[in-house]
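Observations on the three-dimensional arrangement
Read off the chains here:
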Amino acid sequence: MTTFIATIEHVVKGPVWGCQDCGQCVLHSTGMTCPMNCPKTLRNGPCGGVRENGHCEVNPEMKCVWLKAYDRTQGWPLPLAWKEEYNHLRPPVDNRLKGTSSWKNFFTKRDRWTPAGWKNTTDESIEVGHN
Amino acid sequence: MSTLEHKLTKTTETVFTAEFHSLDGNGLEKAKKYADRLSGWFDGVNATDNTAAHAHVSNVATAIAMKQLGLEPILQVVCRDKNRLAQQADIMGASMFGVENFLALTGDDVTAGDETEARRVFDLDGPQLVRLMSTIKRGEYMSGRKIDPAPHMFIGAVENPGAPPFEYRVQRVAKKYASGAKFLQLQICYHQDRLEKFCAGVRDAGLAGKIAIIPTIVLIKGARPLNFMHNNVAGIDVPADQIARVEKAADPAEEAYLQTLEFAQHALAQPAVRGLHITDFRNDETLERLMTDLGRVRQSITSEVKDNHAYSA
Ligand code: SF4
């Protein structure tokens, strides 16, 4: 059954969103742009190598995935909550989920799992001076 | 506490950081030469991690050598070559030798290097790596396993103010700050308007005083490196008039220096900026001139006294 759902998901999301079957879908928070199509598989925004024309450092033929995601988040009529999530810090990929169904992982909350050390640790106590 | 952390968190002094040259053959001997050139000028020097996707002496070994030579290392950790386990090992290994400054980078792609057939890793991305560093600083590995005592760490990151999407770059700063970054080295930016907007954006986001912005300045001898950066370095665009200005000058080397000095002064005048990161292609003899023109006085050179350390070649 699990494999069956994964296959359906792949058939649907593959052609439309270029789904790479990471099993922990973040499409809604990235302007319906799959970050796993970034050659560096970055999940938290563009690298510093984006070309002047907005194309990818690695693949000059392709528009940077994160520019696409940014434009779509700004321009598409997506739910406000999704747009806000664009700026969230997405946790590291759980490589055990590769090839499994993100739909199932969503409903079982399996895709919400993060390692124990992944907590917010902003140390507000240290401030730096400025001009 | 490292000098860099002290100056940035306890004073309003301008800080200067630099890039240690990559080491290959004759590493320790070369390291000493580089250290002698940089020592006394900088509050921290980046121990680079396979720059531009070329293999070199490792970041950790370089940082340890720098410490022994009296320089304060900033350990660069990139995401391209190693997974999270290896990154944690490097951070812990360096901290065992007293390295306290850490810099998280996504890193150039393998296609920027000379072994483009290599597997790219990118297990974590830049902001996630910053958070991992914060985890270690708190005294835990990513798994939650305790590290007792927790290493002392001062954490930084990198951002490119000159690459699209420009407005979004400030939000990435906020993300890195929220993950625990206290300083942010910027990639070289030859568009002054972009740097101005970026720094104003950081200030408007309420982040001035929370994260120290350190723009990069590159020492060059003529127009060739400008063309090189423009054509070959991902994310760097050099406006044609800036290249022409140096190319057409009667004395290109002098013009290149004046241009660099101008960019340095302009960068230092921007909001949220706390210092400069100075790099060069080869050993550029204008380093001393630039530092002096920026009002920096060289501190005593310490590498000589460290000559008898236990690890010397
Ligand atoms: S330019 Fe964009 S798509 Fe290409 S590697 Fe960088 S972030 Fe990924």
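Up top is the structure.
It should be emphasised that the depicted structure is a prediction, and the values quoted were computed from it without experimental measurement. (Residues numbered from 1 in each chain as written. Chains lettered and ligands numbered in written order. Predicted model: local features only at pLDDT ≥ 70, side-chain atom pairs only at ≥ 80, totals over all residues. Heavy atoms only, no water.)

**Side note on the pairing of strand 2 (residues 44-47) of chain B**
Residues and elements named next belong to chain B. What counts here: Burial classes: relative accessible area under 20% of the type maximum marks a residue as buried, over 50% as exposed, and values in between as partly exposed (1.4 Å probe, protein chains only). Helix and strand definitions here come from DSSP, where helices need a minimum of 4 consecutive H or I residues and strands a minimum of 2 consecutive E residues; each element is numbered from the N-terminal end. For two strands to be treated as a pair, DSSP must find at least two bridges joining them. The definition of a right-handed crossover adopted here requires that, viewed with the strands pointing away, the path from the first strand over the helix to the second runs clockwise.
On strand 2, burial covers both faces: Gly-44 and Asn-46 on one face and Val-45 and Ala-47 on the other are all buried. In this sheet, strand 2 lies alongside strand 1 (residues 15-19) in parallel orientation, the contact comprising three bridges. Bridge pairing in strand 2 links Ala-18 to Val-45. Strand direction decides the pairing type here: strand 2 and strand 3 (residues 73-78), joined by three bridges, are parallel. Paired with Asn-46 across the two strands is Ile-74, which belongs to strand 3. Each parallel crossover has a hand, and for strand 2 linked through helix 3 (residues 59-68) to strand 3 it is right-handed.

**Observations concerning the site of the ligand**
Stated precisely, the cut-off is as follows: Whether a residue is near a molecule or strand is decided by its heavy atoms; if any one of them lies within 4 Å of it, the residue is near. Residue classes follow a fixed rule: Ala, Val, Leu, Ile, Met, Phe, Trp, Tyr, Cys and Pro count as nonpolar, while Asp, Glu, Lys and Arg count as charged, and any other residue, Gly among them, counts as polar.
The ligand sits among 13 residues. The nearest are Cys-38, Cys-47, Cys-56, Glu-57 and Cys-64 of chain A. Taken together, the residues of the shell around the ligand sort by class into eleven nonpolar, no polar and two charged.

**Describing the interface of chain A and chain B**
Operational definition: Any pair of residues with heavy atoms lying within 4.5 Å of one another is described as a contacting pair. Here the quantity called buried area is the total loss of accessible area, with a 1.4 Å probe, experienced by two parts when brought into contact, counted for both. Just to be clear on terms, a salt bridge is a Lys or Arg side-chain nitrogen sitting within 4 Å of an Asp or Glu carboxyl oxygen. Here a polar contact is recorded for every N or O atom pair within 3.5 Å, except that within protein the pair must consist of a potential hydrogen donor and a potential acceptor, and residues adjacent in sequence are included only if both atoms are side-chain atoms.
Counting residues at the interface gives 44 residues for chain A, matched by 60 residues for chain B. Summing the contributions of chain A and of chain B, the shared interface buries around 4,300 Å²; its carbon and sulfur component is 51%. Summed over the shared surface of chain A and chain B, the number is two salt bridges. Connecting chain A to chain B are 22 residue pairs in polar contact (both at pLDDT 80 or more). When grouped by side-chain class, the residues that make up the side of chain A that touches chain B number 18 nonpolar, 16 polar and ten charged.

**Concerning the pattern of salt bridges**
Residues and elements named next belong to chain B. Per the stated rule, a full pass over the model turns up 24 salt bridges over all chains. Measuring nitrogen to oxygen at the nearest pair gives 3.0 Å for the salt bridge that ties Lys-32 to Asp-36. With a gap of four residues between them, Lys-32 and Asp-36 both fall in helix 2 (residues 27-38), about one helical turn apart. You can call Lys-32 partly exposed: its relative accessible area is 22%. Asp-36 sits in the partly exposed class, given a relative accessible area of 25%. Across the salt bridge formed by Asp-81 and Arg-80, the nearest N and O atoms sit 2.7 Å from each other. For Arg-80, a relative accessible area of 2% gives the class buried.

**A closer look at helix 10 (residues 252-268) of chain B**
Residue and element names in this part refer to chain B. The criterion, for reference: Helix span, as expected, comes to 1.5 Å for every residue beyond the first.
Along its 17 residues, helix 10 runs 24 Å from first to last C-alpha, staying within 8% of the 24 Å computed at 1.5 Å per residue. For helix 10, the set of buried residues is Ala-256, Tyr-257, Gln-259, Thr-260, Leu-261, Phe-263, Ala-264, His-266 and Ala-267. In this structure, the buried residues of helix 10 make contact with helix 7 (192-204), strand 8 (216-219), helix 8 (223-232), helix 9 (240-247), strand 9 (275-280) and helix 11 (287-293).

**A short note on the pairing of strand 6 (residues 183-186) of chain B**
Residues and elements named next belong to chain B. Here strand 6 shows two buried faces, one formed by Phe-183 and Gln-185 and the other by Leu-184 and Leu-186. The sheet contact formed by strand 5 (residues 154-159) and strand 6 spans four bridges and is parallel. By the bridge assignment for strand 6, Val-158 is matched with Gln-185. The pairing of strand 6 with strand 7 (residues 212-214) spans three bridges and is classified as parallel. For Phe-183, the partnering residue across the bridge sits in strand 7 and is Ala-212.

**Some words on the packing of aromatic side chains**
Residue and element names in this part refer to chain B. Cut-off, in case you're wondering: Any two of the Phe, Tyr and Trp rings considered here, Trp counted by its six-membered ring, make a pair once their centres fall within 6.5 Å; the pair's planes then place it as stacked at under 30 degrees, edge-to-face at over 60, or tilted in between.
One pass over the structure, following the stated rule, counts four aromatic pairs over all chains. Ring centres of Phe-20 and Tyr-34 lie 5.7 Å apart, and the angle between their planes is 85°; on these two criteria the pair is classed as edge-to-face. Of this pair, Phe-20 sits in the loop between strand 1 and helix 2 while Tyr-34 sits in helix 2, and the two are 14 residues apart along the sequence. Tyr-34 matches Phe-20 in its accessibility class, with the two residues each being buried. For the ring pair Tyr-190 and Phe-263, a centre distance of 5.4 Å and an interplane angle of 70° mean the geometry is edge-to-face. Pair noted here: Tyr-190 is in the loop between strand 6 and helix 7 and Phe-263 is in helix 10, with a separation of 73 residues, a long-range link. For Tyr-190, a relative accessible area of 5% translates into the label buried.

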